[in-house]
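# Structural characterization, general
Each chain is listed here by its residues.
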Amino acid sequence: MNKKIADPSIPKIPAGAKFQRWFGRNLIRVYMVIAFTYLFIPVAYTFAFSFNDAGKSNLIWKGFTLRNWQNPCGAPDVCSALANSIKIGFLATLFATILGTMIAFAIGRHQFKGRSTSNLLIFLPMATPEIVLGASLLSLFLVFKINPGFWPTVIAHVMFCISFVVVTVKARIASLDPRLEQAAMDLYANEFETFRRVTLPLVAPGIAGAALLAFSLSFDDFIITNFNSGTVITFPKFVYTAAARGIPAQANVIGSGMFFLALAIVIAGQVVNRRKSR
Amino acid sequence: MSFDASSARGDLILTRITKSYGDFKAVDDLSLTIPKGSFFALLGPSGCGKTTTLRMIAGLEEPTVGSIHLGETDITTTKPYQRPINTVFQNYALFPHLTIFENIAFGLRRRGVKDVDAEVNKVLNLVELPHLAGRKPTQLSGGQQQRIALARAIVNRPALLLLDEPLGALDLKLRRQMQIELKWIQKEVGLTFVHVTHDQEEAMTMADTIAVMNEGQIEQMGSPADLYDNPKTAFVANFLGQSNLIKGTISGNDGDSLVADLYGQKVSLPKSRSHATDNSIYAGIRPEKFRISLLNTPVSGNVLSGGHIEDVSYIGVSTQYQVAMPWGQELIVFEQNDDGVAPFKKGDAVNISWEPIFTFALRGDEDVTAGSEVNPEVLDEE
Amino acid sequence: MGKIRTPYLLLLPGFGFLFTFFILPILNLAQTSTQTPVGGGDTGQYEQTFRFQNYIDAFLDNKEQFARSFIYAIIATILALMISYPLAYAIAFKAGKYKNFLLVLVVAPFFTSFLLRTVAWKQILGEEGFVVPTLRSLGIIGQSTTLTSTSFAVVMGMTYNFLPFMTLPLYASIDRIDPRTLEASGDLYANAFTTFRKVTLPLSMPGVVAGTLLTFIPAAGDYVNASILGSPSTKMIGNVIESRYFKIVDYPTAAALSFTLMAAILILVTIYIRKAGTEELV
C-alpha cells in the first residue's frame, strides 16, 4: 500500500553511475580498514601476548593469565630497564627542550647574520643516519677516555632531540601574531612583561608538544643508545637482547601500558584543545 | 633616551617626520598638529604612509628624522609602554589566552592601578557588553571584538587614542552603526581620537579634521566640508567623492570672481576657490552640483551646452548620468530622484548648468587621474 | 625588537652543545677513518696515517651490503609511499569530523616500543605465528619456505616502522590543498584520474619529498630490522658498522664506512631534490 510509484518526470540515474559512486566512496573506506588493521597488528599481538601464561619465553600461546599485569616487574631486569629509560628520557627532555626553545626563539624571532647557517646546523642531525650519530659520539667519548654509560646516553639523546624541539617550537612561534606583542607594549607592558604574559603563554603549547616529542624519541631510541650506554640497559635494549630467547610477557605489559598511556595523553590533549576553542 | 612619559598631555605635534626604508620614504617630511580633544582622521589610499605615521605616534616604529611632541614633552625616542597613547588595532589583537575582563584590565594592571574591577566594568557598560566579561575573544563576533578592543584602549584614559582602520572587517550596516557610536564615545569621554582609514565616507562622517595623505605627505588638511567643497589638488578632488575636471584658461577678472574659458564656453568661479598659479586651470565641479536640462528649458548660472546623454544608471536614491560634451569629455551628473522617475533618456541633447560658487579651480599641470583609481585596499588583506 | 646581542646569547648554549657533541664527533670520526692499527700494539690502538685507502677497502669489502642497504631502503620507501598516500589523502579529504581522531590512530601504534613492534612481527611471521601456517595450508607458499630471516621480512619491517615518517608529512601537505582547486579542475573537463595527476599530485609534492627523505635516510642506515627479522645473508651496512665497533674492533673501517654511507646518502638526496625541485626542507 505504501509502495512508491516512480514519478516518470524525474530523470533516473543510470545504474552504472550509481555503482561507480558507491564503489568510489567505499573503496576508500575498505582501504582505510585494511590499512589500519595492518598498522595495529603488531600492537594487538603485543597486547594479546601480555596475557600469555608463558614464563620466560613468550613465543607460543600457553594460556590466559592476568598475573603479568598484576606483577609487571616480575621478570628480572624489566623494571630496571624501564626505570633507566624513564630517567634518561626525563633528563634528555629537560635539557633538549630548554636548549632547543632558546634556539627556536633566536632563529624565529630575530634577523641576524648566520641565520641560514643556523637553520642548516639544526637540520643536519635530523638528516644524519642514527648509526653515524651514535658511532661518532662513541668515538669522541673514547678519545677522552669517557666510558659509555648513563650520562653519555643522556648527552647523546639531548643531541639528537634538540633539532626536533627547535623545529616544533619554531613552527609555533611563526604562527604567533606579532601584533599581539605590539598590543601588549601599547598597553604598558615592557619587553620582559610582554614575553612573560603574552608570548610565553601563547608559545607554551608548542613547547609542551616539543617536550612530548623529545621524550618519546628518547624513550624509543635504540641505535644511538646502543652505542653509548655501555652496561646501562634501557627498555629498547632489553627487548633487543631478549629477542632471541623470547621476551618475557612483562615487557609486553609495559609496552602495552605505554601505548595506552600515550594514547590517553594525546586524546586528553585534543579534548582540552577543543574545549579551549569552544 | 627613553623615559616614562606617561604624564605628558597636550596637543600632538609631529615636526618634519620622515620614515625611510632604504631608498623608499614611507613618510616624507610630514608636519602636523592634532589639537587636544579633537576627532582627527588620516585619510589616504593603501601605501600612502598613514599607518606608518600612526605607528610612529604609538611608538611601534621610530622616525628616521624628525620629532614627536605631546604638549611640551618630546616623546620621539620613548617606548610604546612609556607613552600615554593606546591603539585599537586593525584586527583587534585581543589576547586569545585571556578573558575579556583580563584583556581590558591588562593595561590597568601593568600600570598598577588599584581599583581594576570598577574601571573595567565602567567601560564594559560604555560599550554595552557587560555580559561578556568572562568569555574568551574567539567566542565573540567581529563587532563585539571591535568594541572590546576599543574598551581595552579607552579604559586607560590615554592622552591620545589611535584607531588603525578599526571598522574594516565589519559589514556595511555594522560599520555605519559603529561610526556613529565611536563619534559619540569620543565626545562623551573627551579623548583625542586619531583615526586612520582609506574610506573617505567614514572619515567625513566621523572626523572634525581630516588630513589627506598621499605618498608619504599630506596633500591637504581641513574640515570635511573644506576638503570636499574646496580641494586644492586633483588627488584630493578625486579621492574624496568624485569630481568633473574640465581643462580651461582664465580669461578675465570680475570682482570676487574669475572668468574661465572652457573649450570656448565661459564660466565664472570664485577667486577663493582657485588654486591656480597661472592662467592654465582645471575647473572642478562635483557631479551633484550639475543640473541637466533639455535644450529649450531656461537655465541660470554657469552653462555648458552641446551635451548628449550617453548613459543612464538608476540607483534608487539618485540617477547617475554620463553626458558627452562636444570636446570629447564625458561629464558625470548625479540627479536626486526626488520627483519620481529620471526624466532624461540616452541620446537626449541637453545643457548642463550649475551655481558658480560651487566651482573650484586646480592648477593646469595637475595629473587629473590622481586619486581616482579603484581603491586597492578594498581588494587588500592586512 | 630586542638588542642585537640577544639572538647570539640565546643560541650560545644550544649551539655550543651541538658543536661539542655533534660537529666535533663527526670531525673526530673523519679523523679516525684514516688511521691504521699500530703495528704490534693492542687491539684498539691506532695511529694517524692519513690512509685514504681505508675508504676504498671499506667500500670494496662491503659493496654487497651497501647495495643491499640502498635497495632495501628504496623499496621500503616506495612501499611506504604507496601505502601512506591513499591513507593521507583519505584522512585529509574524506574524514570530515574524524580527521583528528584518525590522525591519532595513525600515530598510535608507534607509541609501543619500536623494538617490541619489530619483535612482534618476527613472531607473527615466524613458525609459531598464524601467518605462515595459514599461507602454507592455502598453498600460497611452499612447506619449506619461511618468512622470517628473509629479505622480505626485513623490508616489510622497515616499511612498517617508517610509515609515520612518510604519512605525517604527506598528510600535512595534502591537507593544505584547497579542495576548490580540485573542483575547478573538474569544472575544466578533467576526470578524476587527470585531476589527480595534474593537480593533486603536484600540489602534494613538498609532502612527498619530505616524507621520502625522512623515510629513506634513516632506513638506509638502519640495522635493527635486519638484525631481528633477517639473517646473515640480509646484512645491511648498518650491521657491518655495528659489528666493527662491538664484535671485530676495527674503528677506522667503521668510521670510513660511516662516512661513505653519509656521502652516498647525500649524493642520492641531492640528485633527488634537484629532480623534485623543492627548496624548503626545514
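So, how was this worked out
- Residues numbered from 1 in each chain as written.
- Chains lettered and ligands numbered in written order.
- Predicted model: local features only at pLDDT ≥ 70, side-chain atom pairs only at ≥ 80, totals over all residues.
- Helix = DSSP H or I, 4+ residues; strand = E, 2+ residues; numbered from the N terminus.
- Rg over C-alpha atoms; globule rule 2.2 N^0.38 Å.
- Buried ≥ 20, exposed ≤ 12 C-beta atoms within 10 Å, placed from the backbone.
- Contact = placed C-beta atoms within 7 Å.
- Domains from an automatic or database assignment.
- Nonpolar A, V, L, I, M, F, W, Y, C, P; charged D, E, K, R; others polar.
- Axes fitted to C-alpha atoms, helices over the stretch in contact; angles between N-to-C directions.
- Parallel < 35°, antiparallel > 145°, perpendicular 65-115°, else oblique.
- Left-handed = near helix turned anticlockwise from the far one by under 90°.
- Pairing = 2+ DSSP bridges.

## Description of the overall build of chain A
- Per the secondary structure count, chain A includes 11 helices and zero strands.
- Counting helices and strands in the order they occur from the N terminus, chain A gives α-α-α-α-α-α-α-α-α-α-α.
- The C-alpha atoms of chain A give 26 Å as radius of gyration, which overshoots the globular expectation for 278 residues (19 Å, by more than 25%).
- Dimensions of chain A, computed from the C-alpha atoms along their principal axes, are close to 90 × 70 × 35 Å.
- Across the 278 residues of chain A, 45% fall into the buried class.
- Long-range pairs, those at least 24 residues apart, make up 77% of the contacts in chain A between residues at least 6 apart in sequence.

## Digging into the domain arrangement of chain A
- The domains assigned to chain A are domain 1 (23-69) and domain 2 (76-247).
- Taking the mean C-alpha position of each, domain 1 of chain A and domain 2 of chain A sit 32 Å from one another.

## Side note on the arrangement of the chains
- By number of contacts, the leading pair among the two pairs of chains in contact is chains A and C.
- With no contact between them, chain B and chain C keep their nearest C-alpha atoms 10 Å apart.

## Re the interface of chain A and chain B
- With 16 residues of chain A at the contact, the number on the chain B side is 17 residues.
- Secondary structure elements with two or more residues in the side of chain A that touches chain B: α7 (178-186) and α8 (191-220) of chain A.
- For the side of chain A that touches chain B, the leading source of residues is α7(A), giving six residues.
- Of the residues in the side of chain A that touches chain B, the class split is nine nonpolar, three polar and four charged.

## Here's the deal with the packing of helix α3 (residues 63-94) of chain C against helix α7 (residues 151-175) of chain C
Residues and elements named next belong to chain C.
- Relative to each other, α3 and α7 sit at 40°, their axes nearing to 7 Å. Considered as vectors, α3 and α7 are oriented oblique to each other. In the packing of α3 onto α7, the handedness of the crossing is right-handed.
- Residues belonging to the contact of α3 with α7 are distributed by class as follows: 22 nonpolar, three polar and one charged.

## Quick notes on the packing of helix α6 (residues 150-174) of chain A against α8(A)
Residue and element names in this part refer to chain A.
- Where α6 contacts α8, the two axes come as close as 8 Å, and the packing angle between them is 155°. Our classification of the angle between α6 and α8 gives roughly antiparallel. Like other packed secondary-structure pairs, α6 and α8 cross with a definite hand, here right-handed. From α6, His 157, Cys 161, Phe 164, Val 165, Thr 168, Val 169, Ala 171, Arg 172 and Ile 173 reach across to α8, where they touch Val 203, Pro 205, Gly 206, Ile 207, Gly 209, Ala 210, Leu 213, Ala 214, Leu 217 and Ser 218.
- Here the contact of α6 with α8 is built from residues that sort into 13 nonpolar, five polar and one charged.

## Considerations on the sheet that holds strand β7 (residues 160-164) of chain B
Residue and element names in this part refer to chain B.
- One open sheet holds the six strands; their spatial order is β6-β7-β8-β3-β9-β10, and the pairing between them is mixed. Each edge of the sheet is formed by a strand with only one pairing partner; in this case those strands are β6 (85-88) and β10 (217-222). The mean angle between the axes of side-by-side strands here comes to 20°, regardless of whether they run parallel or antiparallel.
- Note: β6 against β7, four bridges, orientation parallel. Following the sheet pairing, Thr 87 is matched in β7 by Leu 162.
- Set on the sheet, helix α4 (residues 142-154) makes contact with β6 and β7; between it and β6 the angle comes to about 180°.

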